[in-house]
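A look at the structure
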2 protein chains.
Amino acid sequence: MTQLVLLSGGSGKRLWPLSNEARSKQFLHLLEAPDGSRESMLQRVIRQARASGPECEMTIATNQVQKDIIINQLGDGVGIVTEPQRRNTFPAIALACAYLRSVKGCGHDETVIVMPCDPYTGDGYFRTMAKMAESLVQGQAELVLMGIRPDCPSEKFGYIIPGESLGSARKVLSFTEKPDTARAEELLRRGACWNGGVFAFRLGYVLDMLSSYLDDTSFQSVYDNYSLLPKTSFDYEVVEKASSVAFVEYEGEWKDLGTWNSLSEVLPSHVSGNALLGPHSRDTHIVNELSVPIFCDGLESAVVAASPDGILIASKDCTEGIRSYVEGLSDRPMYEERRWGVYTVMGRSTYSDGYKSITKNLTIYAGRNISYQVHAHRDEIWTFVDGEGLLVLDGVTTKVGRGDVVHIKKGQYHAIKALTDLQIIEVQTGDLLDENDIVRVGWDW
Amino acid sequence: MTQLVLLSGGSGKRLWPLSNEARSKQFLHLLEAPDGSRESMLQRVIRQARASGPECEMTIATNQVQKDIIINQLGDGVGIVTEPQRRNTFPAIALACAYLRSVKGCGHDETVIVMPCDPYTGDGYFRTMAKMAESLVQGQAELVLMGIRPDCPSEKFGYIIPGESLGSARKVLSFTEKPDTARAEELLRRGACWNGGVFAFRLGYVLDMLSSYLDDTSFQSVYDNYSLLPKTSFDYEVVEKASSVAFVEYEGEWKDLGTWNSLSEVLPSHVSGNALLGPHSRDTHIVNELSVPIFCDGLESAVVAASPDGILIASKDCTEGIRSYVEGLSDRPMYEERRWGVYTVMGRSTYSDGYKSITKNLTIYAGRNISYQVHAHRDEIWTFVDGEGLLVLDGVTTKVGRGDVVHIKKGQYHAIKALTDLQIIEVQTGDLLDENDIVRVGWDW
């Protein structure tokens, strides 16, 4: 059985304001699924891998922040490994390998394929992985990569220079990082491909490399000693040092949806959400996650994206560098998916003496609960507007539902469990409104 | 003493989304006052009239909806006449004249000057009014108008064709409504002016015309019988029928700030509110009344305006016709100035079975109060976040302030008076959330 490892990390600002620290771009529900509904980049990749990839089990290598949203989007059928801190791709992949060995009991000879979790590709991309696995099993190289057939002499990618043919694979002669256009054109004439960041290897191969850093390569040991691993990339630590590397070429659609410009090319409609495009608009896309309506007219090749975090209005050729401008615009996410549900910040204010309020819409999914907790600095006023749940307040459980209002004062222990999908309007007030002002204790539901 | 009557009416959609049914364009705080603060078109006109106009008393002729916001913006130094229903300018001016006679006790020979409440002009506009009053007092005509010296052969205005000179005034030979450009050019060569909608007359002149419709021209009678007055304009009913009309020419700045394109020319800065313009923007203006930040880059000659009612993004040459597109986008104002203060809608939702919620920020000004009232269909949950006030709930008065939460159930009588400026977060919930679901009763504070 092939083990497919998907790397899910990434900063949250590339598709601001829809992406944020808690919701990276791969989680945005912007693409069209085959049944016409919306799916995220991650959901699309998982769906394609199941339909067209090698027979495999999947594991997501990610961080603690993304764990809840991945469970929300994928359910329980996919393993999740969370790194204890952010380092780089070598430690993350090594930790995932230790997980496959220790937790899933995979053998040293099992094939592992590592890939990013969010490329926008055709199904052939996943069929190419099966060929990579075949090449590895046939012993053509220690490491088999995917080469992306270039459609232009881009300066943005690393290039694989091909060596002799091995059948469906070729040997890698050498690598070239981000050449200028003239050099890239020459490389294209020699049949070079872009390095797609997809790696196939035997599980034992990476575990052996890991053992040069840690005597004990069990999952718990690697997790506990994560900070001892070098902050280097898998390319630098493994690929460049390998004695034999091959690659299989993929020719087909392959996009990084990392800017609004590239993303807009694959959006299923020009307008999504409560918005209207006027008759003088051309090649303009609107994604509105606010309830406030948008009217847009007379713009050409522009993108408008609105969320509780912010509103972006830009011509498409200006969307590359927005990250640097929007740093510092907003100091906390206004929308988050959590394990128990989702919340949106409707508003926040600061009054005299620094006293503050935040008003949120909370949705708690049926059967889920918010843990038993207490705050030292804030009151929370919950107005129940839909669904039914069980409220625990200082140890006393009561049933709550539409029309109930509960004032939870600072110092009061509280928890809530949804019996049916529960909608709450929450007003937080206090001199300090900080997600860290929380003490969680156990509660036996 | 000259009596200056300012007509304040107008639909709310011309400067959508900042203007709405409750906040017409003349009330938007977008212009720069001499001290660097922001003032509305109405406040600017009143300030200019006081500084440069004839010695006068001022009266605003308006409707019930605008009364509160006018008091908020102008204080108590200006008289306000509210028409019982919307008809046209002749009934509105006639009602104001009846008010001047009956309520203010003005004599039949007093000079009345009627003007729109929102033209953007130089101070010379108001000095021209003094000349109009002089011409009237000298008996040069029954009616003296202001002619605006044209700066182009516009097809949008009515033209005054000049007759013989009377000194600083001229006789009006005839009027021409909205000529085509060729005809307008010919009129300009003959010294024609635009009709600026400013009229000077003796009070008794209009009261006499009014008496052809109503035997009793006292204020109460005109108010009670308002629906008997013809739905016609002052131009049609009075100006066109006058036996002698003169005009005084005004040469200077004169703008109708009725589109975002014209308004943007006088905005004091490119960015107002929480917004950032990127380096690739040109001739672009942002007015953001939301707390959500806006980042805008790469646009040319565009305007972005955001309020709780909506978000407009348009090239400046497309702002003329937005009114027709935004009709129906929003079904109630999300921001209102009331006599007691202001409110902003943070969010609203509809749940299963049509149950609804609306969440608002309320500010009640110190000393003001919300009337004693009861709702049949909605609960209101008030969280007090700043200031102090007196709450009346089913006849019982208590002092409330920061940290208090009150759940007002449907059927409960309630009122609130602010002792200091009071900030409340209000959550309304119920099967019907309608401003008309209210019964007001008296309360003796």
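For the structure itself, consult the block above.
Residues numbered from 1 in each chain as written. Chains lettered and ligands numbered in written order. Predicted model: local features only at pLDDT ≥ 70, side-chain atom pairs only at ≥ 80, totals over all residues. Heavy atoms only, no water.

It is worth spelling out the sheet that holds strand β19 (residues 310-315) of chain B at this point. On the basis of which strands lie adjacent, the open sheet formed by 6 strands has the order β15(A)-β17(A)-β19(B)-β18(B)-β16(B)-β14(B) and mixed pairing. Among the strands making up the open sheet, the edge pair consists of β15 (275-277) of chain A together with β14 (271-272) of chain B. Here 4 bridges tie strand β16 (residues 285-288) of chain B to strand β18 (residues 302-307) of chain B, and the two strands are oriented parallel to one another. Each residue of the ladder has a partner; that of Ile 286 of chain B, found in β18 of chain B, is Val 304 of chain B. (Pairing = 2+ DSSP bridges. Helix = DSSP H or I, 4+ residues; strand = E, 2+ residues; numbered from the N terminus.)

Here we take up the side chain of Asp 437 of chain B. Residue and element names in this part refer to chain B. Topologically, Asp 437 is positioned in the loop between β29 (422-430) and β30 (439-441). Buried within the structure, Asp 437 lacks any salt-bridge partner; its nearest side chain of opposite charge belongs to Arg 378, at an N-O separation of 4.3 Å. Apart from residues lying up to four places away in sequence, Asp 437 is in contact with Val 374, His 375, Ala 376, His 377, Arg 378 and Leu 432. (Buried < 20%, exposed > 50% of the residue type's maximum accessible area, 1.4 Å probe, protein only. Lys, Arg positive; Asp, Glu negative; His and termini not counted. Salt bridge = Lys/Arg side-chain N within 4 Å of Asp/Glu carboxyl O. Contact = heavy atoms within 4.5 Å.)

Turning our attention to the interface of chain A and chain B. Across the contact, 50 residues belong to chain A and 50 residues belong to chain B. Taken together, the two surfaces of chain A and chain B that pack against each other cover about 4,300 Å², and 70% of this comes from carbon and sulfur. Broken down residue by residue, the surface that chain A buries against chain B is led by Phe 295, Ile 311 and Ile 313 of chain A, which jointly contribute 16%. Where chain A meets chain B, there are 2 salt bridges. The residue Asp 353 of chain B makes a salt bridge to Arg 402 of chain A at a minimum N-O spacing of 3.7 Å. Counting across the chain A and chain B interface gives 15 residue pairs in polar contact (both at pLDDT 80 or more). (Buried area = accessible area lost by both parts, 1.4 Å probe. Polar contact = N/O pair within 3.5 Å; in protein donor to acceptor, adjacent residues only side chain to side chain.)

Bringing the packing of helix α1 (residues 41-52) of chain B against helix α2 (residues 64-74) of chain B into the picture now. All names here are of chain B. Across the interface, α1 lies against α2 with an axial gap of 10 Å and an inter-helix angle of 50°. It follows from the interaxial angle that α1 and α2 lie oblique. As for how α1 packs across α2, the hand of that crossing is right-handed. For the pair α1 and α2, the contacting residues are Leu 42, Gln 43 and Ile 46 in the first and Ile 70, Gln 73 and Leu 74 in the second. (Axes fitted to C-alpha atoms, helices over the stretch in contact; angles between N-to-C directions. Parallel < 35°, antiparallel > 145°, perpendicular 65-115°, else oblique. Left-handed = near helix turned anticlockwise from the far one by under 90°.)

With an RMSD of 0.1 Å, chain A superimposes on chain B once it is rotated by 180° and translated 0.0 Å along the axis. On the angle and the small slide along the axis, the relation comes out as a two-fold axis. Taking C-alpha positions as reference, the residue of chain A nearest the rotation axis is Met 346 of chain A, located at 2.9 Å. By residue overlap, the copies meet face to face through one surface: 100% of the interface positions of chain A are interface positions in chain B. (Least-squares fit on C-alpha atoms with pLDDT ≥ 70 in both.)

Another aspect to go through is the pairing of strand β24 (residues 378-386) of chain B. Residue and element names in this part refer to chain B. Most of β24 is tucked away: 9 of the 9 residues are buried. Sheet topology places β24 next to β29; 8 bridges connect them, and they run antiparallel. When the sheet's bridge partners are listed, Phe 384 is paired in β29 with Ile 424.

With that settled, the discussion passes to the side chain of Thr 176 of chain B. Tracing the sequence through the fold places Thr 176 of chain B in strand β10 (residues 169-177). Setting aside chain neighbours within four positions, we find Thr 176 of chain B in contact with Phe 157, Gly 158, Tyr 159, Ile 161, Arg 183 and Leu 187 of chain B.

Moving on: the pairing of strand β12 (residues 245-250) of chain B. Residue and element names in this part refer to chain B. Here β12 lies mainly inside the structure; 5 of its 6 residues are buried. Bridge analysis of strand β8 (residues 143-148) against β12 gives 6 bridges, and the strand direction is parallel. Across the sheet, residue Gly 147 finds its bridge partner in β12, namely Glu 249.

On to the sheet that holds strand β28 (residues 414-418) of chain A, then. All names here are of chain A. The strand order across the open sheet formed by 5 strands is β26-β25-β28-β23-β30, and the pairing between neighbours is antiparallel. The open sheet has two edge strands with one neighbour each: β26 (396-401) and β30 (439-441). Geometrically, the sheet is characterised by an average inter-axis angle of 30° between neighbouring strands, direction not taken into account. Note: strand β25 (residues 388-393) against β26, 6 bridges, orientation antiparallel. Each residue of the ladder has a partner; that of Leu 390, found in β26, is Lys 399.

In short, geometric facts, not functional conclusions.
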